[in-house]
Amino acid sequence: MSGQGDDKETIKAAPKDDNETIREPDRKNLIVVAIDFGTTYSGFAYCKLKDYEVYKEACKKGVESVDLPIYSQIWNDESSRREQAPTCVLFDQDGIFHSFGFEAVNFFYNNAETIDFTEWYYFEHFKMMLYNEKDQLTEKTDLEESVMIGNKARRKKMKAMFVFAAVLRHFKELLLNRRANETSSIDEGDIDWVITVPAIWDLKARTFMRDAAKEAGIPINQLKLALEPEVASIHCRRVPVSVQTLNDGKKTIAKMTIGSKYIVLDQGGGTTDIAVHEITGENTLKEIHYACGGHWGGKTVNEAFYRFLIDVFGENVVDKIKQEKPSAYFKLLHNFEETKKCFDEEKLKDGEGKSKVIIPIEWIQYFEKSNIVALKESVKKSNFKGRVKIVVDKMRIKNNLFRTFFDYAIENIIAELNKLVQKEELRDVKTLLVVGGHSESPVLINALYENLPNFDIVVPKQPSLAILKGAVLYGFEPETITSRVMQYTYGIAMQRPFIPGVDPYSKRNSLVNGLVDNVFDKHTERGQTVKAGEFLKEHEYVPARQEQMAVRFKFYATQNKNPKYVTDEGCSCIGTLYFELSGGMKSNKEMKLKINPSGTQIVAVVTEKDNGHETEGFFCLLD
């Protein structure tokens, strides 16, 4: 098939820069560093190649008790030490990085009386913008401050790329400083980096994260992106694998046989990622259904509580506290988070019992300044009469009302799982592996048992760390994933001659240089299985003008299996590919383009027909 390449050159050329040259590191010093950049919590861990090789050799010999030495960054809270920190970052009034995690949270709360934070920048849960704003995502996309006041014009903003890169750079500096204090030195060229991303993210969001890593000083040729459900599978398979029932009735994962299938439910703070895997070998697996899910993570519980606060206090009071007392605003949300973590099976059974959330005094003061009645009297006369009670600085919420904060997430998760298991090709799947930070919620697990009674539900120890530890293994064993299923139909925007019976007659009235414009030239189809490392069939194109010395392709994605035009509903431009051509002004400019969509990033190669010259390229975000 022949088509016409776009001759616009607004995207920077893709040729490799100094950071992207192929390296040959001293492999004996190699370490793999994995970063789990989560919506609510983040962390990083690493493992040395020599330790991995000892572990691998022990596994070959059948030693089941050996553990892979994975060293996690430890984050210090005021009262504990944890392997993950809140995904919160603070910049000062000049936009300079100040702190991350517990340090940012504690500094923000503990200095509210002495520092005017209205000029500072505080971000939390900001990873969700890569999912919520995926259609508008570019290198220049702004990130709004987390304390979003009602007047949009007054909300402070930073470039999202700058914020993400600042966090990744902070992780990199912590890692290098930690390694510098250890006995063995390490060169930055000896590090392989792995950053986890949700499987339901589109290519644009993944490209954004890759570009943020590059901005943070992580060389692209030393970086892998890893899909969160996949690396969770890798970790849990080492715990070993087939479902067994222990004496206490709990499930664990033991040795699964080749051909065994299971669903992975990655229930994070922001998104729910659902994947279906099949065991293909001792240490390999393949994806057998494209990833699905949505914005149903633990954060939706907090969002339901936020709507409840508006009902109790009024939107004007909430907005004023956000603007004038942001630390009090976040303090209440964090108090709720602590109560949410303690909402266990005992509270589920006791619907008439109460759960307690401590209210910062500023909330009560601001409410009573704006209303003629006390807060406790207002609640008594509201729709929450008998279900919510204010006692001094405490809000006591009946458990059956508190349970409703979980409804949105659970209803959507159960609906998606039921839709999935009804598919003919998945009817024999009866194992559900639950991982991610929000998988520790008794409310979620109880709902899964109630709604999927025929399933073996498996929750590994420390499910919130399964992704981080699996990502370390993936860094050593990327070949573990043997094939993936296309989540989208991908194609190129091109021009071609009018085809009677294919193109509607109306297209004759909008020809460009005698050709039908905006044709969707399909390269992959949603639901198509692609083997790891496989390049698909080449497509032929010609530039718009003979004298062109470079060509840019616009790539589109859609969930429609057979789109005709890139202007069809549901089609969106996800980025561009730019290639410089090697031939002279008068050379034959026909070219072949092939893509390899089997990885977490799509790789493309252009071959010039005139001289056989090949150029490899990666996607660039729109500017």
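Residues numbered from 1 in each chain as written. Predicted model: local features only at pLDDT ≥ 70, side-chain atom pairs only at ≥ 80, totals over all residues. Heavy atoms only, no water.

K.L.:
Report on the overall build of the chain, specifying residues and quantitative values.
P.N.:
A tally of helices and strands in the chain yields 16 helices and 34 strands. Within the span of the chain, comprising 623 residues, buried residues form 55% of the whole. For the chain, the share of sequence-separated contacts (at least 6 apart) that also reach a separation of at least 24 residues comes to 71%. When the accessible area of the chain is evaluated, it comes to approximately 28000 Å², of which 46% is carbon and sulfur surface. (Helix = DSSP H or I, 4+ residues; strand = E, 2+ residues; numbered from the N terminus. Buried < 20%, exposed > 50% of the residue type's maximum accessible area, 1.4 Å probe, protein only. Contact = heavy atoms within 4.5 Å. Areas by Shrake-Rupley, 256 points an atom, 1.4 Å probe, with all protein chains shown as cover.)

K.L.:
Describe in detail helix 8 (residues 315-324), supporting the description with residues and values.
P.N.:
Among the residues making up helix 8, those that are buried are Val317, Val318, Ile321 and Lys322. Taken down its axis, helix 8 places every buried residue within 140° of arc, on the same side. Those residues of helix 8 that are exposed and angled more than 90 degrees off the buried face are Glu315 and Asn316. Each element contacted by the buried residues of helix 8 is listed here: helix 7 (299-313), helix 9 (326-341) and helix 11 (361-370). (Arc of directions from axis to C-beta.)

K.L.:
Explain the pairing of strand 10 (residues 121-124) to me, and be specific about the residues and the numbers.
P.N.:
Both faces of strand 10 are covered, namely the face carrying Tyr121 and Phe123 and the face carrying Tyr122 and Glu124. Bridge analysis of strand 8 (residues 88-91) against strand 10 gives four bridges, and the strand direction is antiparallel. In the sheet register, Phe91 faces strand 10, and the bridge partner there is Tyr121. (Pairing = 2+ DSSP bridges.)

K.L.:
Residues and numbers for a negative patch on the surface, please.
P.N.:
Among the surface-exposed residues, Asp344, Glu345, Glu346 and Asp350 lie close enough to one another that they form a single negatively charged patch. Looking at the secondary structure, you find Glu345 in helix 10 (residues 345-349). By relative accessible area, Glu345 is classed as partly exposed at 48%. (Patch = residues over 30% accessible without salt bridge, like charges linked within 9 Å, V, L, I, M, F, W, Y side chains within 5 Å. Salt bridge = Lys/Arg side-chain N within 4 Å of Asp/Glu carboxyl O. Lys, Arg positive; Asp, Glu negative; His and termini not counted. Charge placed at Lys NZ, Arg CZ, Asp CG, Glu CD.)

K.L.:
Describe in detail the pattern of salt bridges, supporting the description with residues and values.
P.N.:
Throughout the structure, instances matching the rule amount to 22 salt bridges. A salt bridge links Glu540 to Lys609, with the nearest nitrogen and oxygen atoms 3.5 Å apart. With Glu540 in strand 29 (residues 539-543) and Lys609 in the loop between strand 33 (603-608) and strand 34 (614-618), the pair connects residues that are 69 residues apart, well separated along the chain. You can call Lys609 partly exposed: its relative accessible area is 37%. Note that Lys609 is salt-bridged to Glu590, the shortest N-O span being 3.3 Å. Note that Lys609 is positioned in the loop between strand 33 and strand 34 and Glu590 in the loop between strand 31 (572-580) and strand 32 (591-596), a separation of 19 residues in sequence. Within this structure, Glu540, Glu590 and Lys609 form a network of salt bridges that share partners.

K.L.:
Run through a positive patch on the surface, naming residues and quoting values.
P.N.:
A surface patch of positive charge is lined by Lys354, Lys356, Lys389 and Arg396. As for its placement among the helices and strands, Lys356 is situated in strand 20 (residues 354-358).

K.L.:
Kindly report on the packing of helix 14 (residues 407-421) against helix 15 (residues 442-451), identifying the contributing residues and their values.
P.N.:
Relative to each other, helix 14 and helix 15 sit at 35°, their axes nearing to 11 Å. The two elements helix 14 and helix 15 meet at a crossing, and its hand is right-handed. When helix 14 is examined against helix 15, the residues Ile410, Ile413, Ile414, Leu417 and Asn418 are found in contact with a partner set consisting of Val443, Leu444, Ala447, Leu448 and Asn451. A breakdown of the residues in the contact of helix 14 with helix 15 according to their chemical character gives eight nonpolar, two polar and no charged. (Axes fitted to C-alpha atoms, helices over the stretch in contact; angles between N-to-C directions. Left-handed = near helix turned anticlockwise from the far one by under 90°. Nonpolar A, V, L, I, M, F, W, Y, C, P; charged D, E, K, R; others polar.)

K.L.:
Quick one: what's the story with the sheet that holds strand 22 (residues 394-398), residue by residue and with numbers?
P.N.:
What links the strands of a sheet is backbone hydrogen bonding, and the strands pair in either a parallel or an antiparallel sense. The antiparallel open sheet is built from three strands, whose spatial order is 20-22-21. What marks the edges here is a single partner per strand, and that holds for strand 20 and strand 21 (388-391). Taken over all neighbouring pairs, the strand axes of this sheet differ in orientation by 25° on average, direction set aside. Relative to strand 22, strand 20 runs antiparallel, the two sharing five bridges.

K.L.:
Break down the side chain of Glu230 for me, with residues and values.
P.N.:
Tracing the backbone shows Glu230 in helix 6 (residues 228-237). Within the local environment of Glu230, its side chain forms a polar contact with the side chain of Arg484, the two groups lying 2.8 Å apart. With sequence-adjacent residues up to four places away left out, Glu230 is seen in contact with His277, Ile481 and Arg484. (Polar contact = N/O pair within 3.5 Å; in protein donor to acceptor, adjacent residues only side chain to side chain.)

K.L.:
Any chance you could break down the environment of Glu425 for me, citing the residues and the numbers?
P.N.:
Along the polypeptide, Glu425 turns up in the loop between helix 14 and strand 23 (431-435). Excluding residues that lie within four positions of it along the chain, Glu425 makes contacts with Lys261 and His289.

K.L.:
Can you tell me about the environment of Phe123, naming the residues and giving the values?
P.N.:
Tracing the backbone through its elements, the reader meets Phe123 in strand 10. Sequence spacing of Phe123 and Phe100 is 23 residues, and the spatial spacing of their C-alpha atoms is 9.7 Å. Those residues in contact with Phe123 that lie beyond four places of it in its chain are Thr87, Cys88, Val89, Phe91, Leu143, Glu144, Glu145, Ser146, Met158 and Val163.

K.L.:
Would you mind going over the sheet that holds strand 9 (residues 97-100) in detail, with residue names and values included?
P.N.:
Spatially, three strands are ordered 9-8-10 in an open sheet, and the strand pairing comes out antiparallel. Among the strands making up the open sheet, the edge pair consists of strand 9 and strand 10. Taken pair by pair, the neighbouring strands of this sheet meet at an average axis angle of 15°, ignoring direction. As defined by bridge partners, strand 8 adjoins strand 9 across three bridges and the pair is classed as antiparallel. Residue pairing across strands places Phe91 opposite Phe97, the latter belonging to strand 9.

K.L.:
How would you sum up the packing of aromatic side chains? Please name residues and give values.
P.N.:
With the rule as written, the count across this model stands at 42 aromatic pairs. Each ring, one from Phe44 and one from Phe171, has its centre 5.4 Å from the other, and the planes form 45°; the classification is tilted. Of the two residues, Phe44 sits in strand 3 (residues 41-48) while Phe171 sits in helix 4 (residues 160-180), which places them 127 residues apart along the sequence. Across this residue pair, the class does not change: Phe44 and Phe171 are buried. Ring plane angle 45° and centroid distance 6.4 Å describe the contact between Phe402 and Phe406, whose orientation is recorded as tilted. Just as Phe402 is buried, Phe406 falls in that class too. Through successive ring pairs, a cluster of aromatic residues spans Phe107, Phe108, Tyr109, Phe117, Trp120, Tyr122, Tyr306, Phe313, Tyr329, Phe330, Trp363 and Phe367. When the ring centre of Tyr121 is taken as origin, the NZ or CZ atom of Lys156, which lies over that ring, is 5.8 Å away. (Phe/Tyr/Trp six-rings, centres within 6.5 Å; stacked < 30°, edge-to-face > 60°. Lys NZ or Arg CZ within 6 Å of the ring centre and 35° of its normal.)

K.L.:
Kindly report on helix 11, identifying the contributing residues and their values.
P.N.:
Restricting attention to buried positions, one finds in helix 11 the residues Glu362, Trp363, Ile364, Tyr366 and Phe367. Looking at the buried residues of helix 11, the elements they touch are helix 7, helix 8, helix 9 and helix 12 (375-380).

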